[in-house]
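Analysis of the macromolecular model
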Amino acid sequence: MLNQQTEAGGSASALPLQSIFADLHVHIGSSASGLPVKISASRGLTFRSIAHEASIRKGVRLIGVIDCHSPAVQDDIMKLLDAGEMEEAEGGGIRYRDTVILLGAEMEIREPGGGPFHLLGYLPNLQAMQSWTEWMKPRMKNVQLSSQRIHSTARELQNELLARGGLLAPAHVFTPHRGLLGCSADRLEERLDPGGIAAVELGLSADTEMAERLSQLDRYPFLTNSDAHSTGMIARECNELLLREPSFAEFAKALRGEEGRGIAANYGLHPRLGKYHTTWCLNCHKAVPEGLQTESEAMKACPACGSLKLVRGVAERIDQLADRGSKAADSIMQQPSDGSRLQRPPYWRQVPLSFFPGVGPKMRDRLLTEVGTEMEILFRVTYEQLSAVTGEKIAGLILAAREQRVDFIAGSGGTYGKLTEA
Ligand SMILES: [Zn+2]
Ligand SMILES: [Zn+2]
């Protein structure tokens, strides 16, 4: 239905609004020449291979590559532009076939009183990104690499980014490992000017219902991005945007909710599958049981061994920061917005195929070639179509996940959650 929406009264040349899948947090492993960019990412992830995967295999028409500050990546982009394989999109970004790549950077900041945290910045065009690289270079050790520490305050970074026409979003905001609210501060405004935050990235271990419990986030749109370190992971979380066309300018309008643009839906991992959903004890080497977690108020120590060395889970961090109960989120979403509070689009909790026990790479390939895209398999195709390839047990599990009838062992301490066979 969404893709049938059009704007009345537009000029003849105006394009209709269309629904577009967008994944705005993808890393680069190396430049085409083999220079490493994100050390932990697959070397096969280059600017070109990401564009190809997004456009041809994933059907993602807006993709944020957040290592474009790296001069080696900029060289790759210039070569692709010169060769005519890509072009600069009019509204900002780099066009490859029907996909546009947004130029982004992920930066790490540490301020007194908190741990290091990541910020995502998107810039309108290559020139602005090159200017951003010049700003970053003297404030960091190695400008070639991804997600490096910037010696600056978050506010100074924010001002400089916005002065170049950029958009700023705190990355994986609740994560104990480099999330602003996860490990640096209790409120965004302790680090950033609230007026200059374009969006908040939820991260893999949280969803809209969880994040809605913090009224401090009411004014910001939520993004669900993959943080992919390999091509297969692209779009494991993504956003459905309503845009006239994929471009930086249209993306900015969508975040501001201008002229009919907006976020139509968030598709995210089931939050219990995320790597930091529950609290982990570094001394016991196991997850703190969830029942115990809710009983102890501040969770300063492991209830099993008393250790203070905990990797605090996103669920518990949200409990600490929330000023609303979890059920309130549902009723609030039905109230008309007073303008200070965004109406939230639906959040679809998904269990990617790779999480189903018994679905190995071979079966996954068969499903993708014989049945449909991953999204179709997870959300649309019938039991009969599935079971013809997977057998009854797995088909039943995929349907159960679709209808939210499955249980999970929650992810914790850096390990993904698991689906349990009921
Ligand atoms: Zn990060
Ligand atoms: Zn312990």
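The structure reproduced in this document is the subject of the present report. Note that this is a predicted model, so its numbers are computed, not measured.

Moving on, we come to the packing of helix 13 (residues 383-390) against helix 14 (residues 392-402). Relative orientation of the contacting elements helix 13 and helix 14 amounts to 140°, with a least axis distance of 7 Å. Here helix 13 lies oblique to helix 14, going by the angle between them. Read as a crossing pair, helix 13 and helix 14 show a hand that is right-handed. From helix 13, Tyr383, Leu386, Ser387 and Thr390 reach across to helix 14, where they touch Glu392, Ile394, Ala395, Ile398 and Leu399. Tallied by class, residues from the contact of helix 13 with helix 14 come to six nonpolar, two polar and one charged.

What follows deals with the environment of Met140. With respect to the helices and strands, Met140 occurs in the loop between helix 3 (126-136) and helix 4 (154-163). Residues Met140 and Tyr267, spaced 127 residues apart in sequence, show a C-alpha to C-alpha distance of 34 Å.

Taken in spatial order, the three strands of this open sheet run 13-12-14, and their pairing is antiparallel. Of all strands in the sheet, those bounded by a partner on one side alone are strand 13 (286-287) and strand 14 (310-311). Sheet topology note: the strand 12 (residues 280-281)/strand 14 ladder contains two bridges and is antiparallel. Residue pairing in the sheet places Cys281 in a bridge with Leu310 of strand 14.

Calculation notes
- Residues numbered from 1 in each chain as written.
- Chains lettered and ligands numbered in written order.
- Predicted model: local features only at pLDDT ≥ 70, side-chain atom pairs only at ≥ 80, totals over all residues.
- Axes fitted to C-alpha atoms, helices over the stretch in contact; angles between N-to-C directions.
- Helix = DSSP H or I, 4+ residues; strand = E, 2+ residues; numbered from the N terminus.
- Parallel < 35°, antiparallel > 145°, perpendicular 65-115°, else oblique.
- Left-handed = near helix turned anticlockwise from the far one by under 90°.
- Contact = placed C-beta atoms within 7 Å.
- Nonpolar A, V, L, I, M, F, W, Y, C, P; charged D, E, K, R; others polar.
- Pairing = 2+ DSSP bridges.

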